[in-house]
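A closer look at the structure
Single-letter residue listing:
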Amino acid sequence: MTNNKTVLSWIDEMKALVTPDQVVWIDGTDEQIEALRAEACSTGEMIKLNQEKLPDCYLHRTAVNDVARVEDRTFICSRKEEDAGPTNHWMDPQKAYKMLYDIARGSYKGRTMYVIPYSMGPIGSPLSKIGVELTDSIYVVLNMCIMTRVSEKVWEALGDSAEWVKGLHCKVNIDAENRYICHFPEDDTIISVNSGYGGNVLLGKKCFALRIASYLGKKQGWMAEHMLILGIEKPDGEITYVAAAFPSACGKTNLAMLIPPEVYKQKGYKVWTVGDDIAWMQIGPDGRLWAINPENGFFGVAPGTNAKSNPNALATTKAGTIFTNVAHNLDDNTVWWEGLDKNPPENAVDWTGEPWNGKTSDKKGAHPNSRFTAPAKNCPCISSEFDKGTGVPISAIIFGGRRAQTTPLVYQSRDWNNGVFVGSIMASETTAAAAGAVGVVRRDPMAMLPFCGYHMGDYFAHWIEMGEKLGDKAPKIFNVNWFRLDDEGHFIWPGFGDNLRVLEWIVKRCEGKADAVETPIGYVPHAEDINLDGLDFSLETLKGILEVNNEQWLKEADGIEEFYKKFGDKLPQELKDQLAALKARLV
Ligand code: GTP
Ligand code: SPV
Ligand code: MN
């Protein structure tokens, strides 16, 4: 526990508001976690899985109306509306507090208030930050104990400081009509009501580590980004670190845990995972950009994860994992999801809790956004730098999205500001990670559209400023697209492990060891420079997906111009110039 006055007085205030029957302080010890698991199983909140096959693993089903982030009910409550910008929903903070407090009032009656002290980043590291989440959900407590560092040591690290993020989560009735995920960046506060789904309620993740942290980063001169971090080890042992921003469900976890193709393995290539979703980056004493993963676990998409696509992720989920909204195989008390294997269980329960026969049913057994919450330490390829508070130096930043056409497999920006432009014009087809239509192309700058806690025009300006500070030590900026489709709607590029072939070119470009073709959008590889050894993939097909089609890009430029109008005066002149220069190169 703590004597920190700012913590104690806030907890008193919240207690008086939500009126719990009791308060339990979470210390993250095995004993406490075990007792909470038992309690959750006794009420049906969680199901204990086969402990021989899946030790310490559990299954949870959220309400059927509560299975993904709700972007239309997510608000940035800055004092001035302008500060939230055109891409966020805004609510006046006074009105928001009143509305949320009215919803939260008395809602813990008959329930327990759990107080979770957590550190984003290794406890005590100068790059880490502390939060306290209050919740009435054991599921949230157990997930937070995997996803963040929860321990008494967090109180020690905090001491008397008033620098920490407040998070109040109230399940209330899981009423979709009164569901709100609200952020008060000027008050370091998050309030989430009427949801039980991860991205809405594990407040350390998107709410703190991206929406609040991006705002802090702008103020304090660092960056909070929706990026994986991985290390590529060459046969000589040298490791190059890259960070990559892809929108939700577009391949971050998969790339972060990539297994090299056989020919690369034989040569001695290795890939090390530092993070799969969020990067906090700051300029180090050597002037380079250094990144930490503030999380302690992976909240990964289950469907499509299998022994071939991502064996490391699958291995990571074999112990101490909470599965959410997957199918429950009653024959051996294990879990199943679409794309795990070709043998769906016949005697099962689907994600909605209904009996399900995977062999005959035309319904899905697992929700497309079903997830696993797995400890990072389980990951066979976790980087030895993961737990060090110093972070890793980033040589390349990679943007990417899901585009059936237009965007080539890979290209490099001309320089930092052109790279900021490339990030700002990112577009991707929407996925099941957020409620709403799937497969619609939308602009998602830096994969941060749903996660930037302030005006996105100011966010672009912050990127440009970071580039000025980094100077010639700035990471090189690239864009990738694993998702080009052929005429029959199949993915052309094999993806997954074979993405290392593209990463190899990127690393070589950073080292000045690979040539490139200059195109209107940036530098594209010579097809011959992408190593296709051991892959049944023709040079012609590769040339096809490296192509830059000026006509398509002219249309794209019109779309960008339209999108940029949103930002009005706040759009940095540098980006206007970049768009004009692109257009000039295309005609
Ligand atoms: P969030 O956790 O929502 O932020 O998602 P993410 O970006 O970590 O995405 P993830 O790695 O979980 O991948 C999402 C989906 O993309 C899965 O269905 C994968 O099978 C698929 N995917 C990932 N990498 C590739 C790839 O290289 N090629 C193809 N075709 N699909 C991929
Ligand atoms: C995402 O949607 O980008 C996720 C999952 O990583 S959630 O925690 O729901 O945001
Ligand atoms: Mn994500």
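In case you missed it, the structure is sitting above this.
First things first, this report covers the structure right here in the doc. (Residues numbered from 1 in each chain as written. Chains lettered and ligands numbered in written order. Predicted model: local features only at pLDDT ≥ 70, side-chain atom pairs only at ≥ 80, totals over all residues. Heavy atoms only, no water.)

**Focus: the overall build of the protein chain**
So the rule is basically this: Per the convention used, a helix needs a DSSP run of H or I reaching at least four residues, while a strand needs a run of E reaching at least two, with both numbered from the N terminus. In this description the radius of gyration comes from C-alpha coordinates, and the expected globular size is given by 2.2 Å times residues to the power 0.38. Residue exposure (1.4 Å probe, protein chains only): buried if accessible area is under 20% of the type maximum, exposed if over 50%, otherwise partly exposed. Working rule for contacts: check all heavy atoms of both residues, and any pair within 4.5 Å makes them a contact. Where accessible areas are quoted, they stem from the Shrake-Rupley method and a 1.4 Å probe; at the residue level, only the protein chains shown are allowed to cover. Under the counting rule used here, the positive set is Lys and Arg, the negative set is Asp and Glu, and His together with the chain ends is not counted. Charged groups are reduced to one reference atom each: NZ for lysine, CZ for arginine, CG for aspartic acid, CD for glutamic acid.
Across its full length, the protein chain carries 17 helices and 31 strands. For 587 residues, the compact-globule estimate of 2.2 N^0.38 gives 25 Å, and the protein chain sits close to it at 23 Å. Principal-axis analysis of the C-alpha atoms gives the protein chain an extent of 65 × 55 × 45 Å. Here the protein chain holds 587 residues, and 61% of them are scored as buried. The contacts of the protein chain with a sequence gap of at least 6 include a subset with a gap of at least 24, amounting to 72%. Here the protein chain has roughly 22,400 Å² of accessible surface; of this, 49% comes from carbon and sulfur atoms. Separation of charge centres in the protein chain, based on 62 positive and 78 negative side chains, amounts to 1 Å.

**Quick notes on the coordination of the manganese ion (ligand 3)**
For clarity, the cut-off: Water is not part of the atom set, so a site may look incomplete; the donors themselves are N, O and S atoms within 2.8 Å of the metal, or 3.2 Å for Na, K and Ca. The geometry test gives tetrahedral to four donors whose angles all lie between 85 and 135 degrees, gives square planar to four donors and octahedral to six donors whose opposite members are over 155 degrees apart with all other angles between 65 and 115, and gives irregular to the rest.
Taken together, Lys206 (NZ), His226 (NE2) and Asp277 (OD) make up the protein donors of the manganese ion (ligand 3), found 2.1 to 2.5 Å from the metal. Between the six donor atoms coordinating the manganese ion (ligand 3), the angles at the centre fall across 64 to 174°, so the site counts as irregular. One chain supplies every donor for the manganese ion (ligand 3), spaced along it as K-x19-H-x50-D. You can see Lys206 sitting in helix α8 (residues 204-220) and its partner Asp277 sitting in the loop between β15 (270-275) and β16 (279-283), a full 71 residues away along the chain.

**Overview of the sheet that holds strand β20 (residues 327-329)**
Stated precisely, the cut-off is as follows: Only when DSSP finds a minimum of two bridges between them are two strands counted as paired.
Spatially, four strands are ordered β21-β20-β22-β23 in an open sheet, and the strand pairing comes out antiparallel. The open sheet is flanked by β21 (334-336) and β23 (355-356), the only strands paired with a single partner. Pairing of β20 with β21 involves three bridges; the strand directions are antiparallel. If you follow His328 over to β21, its bridge partner there is Val335.

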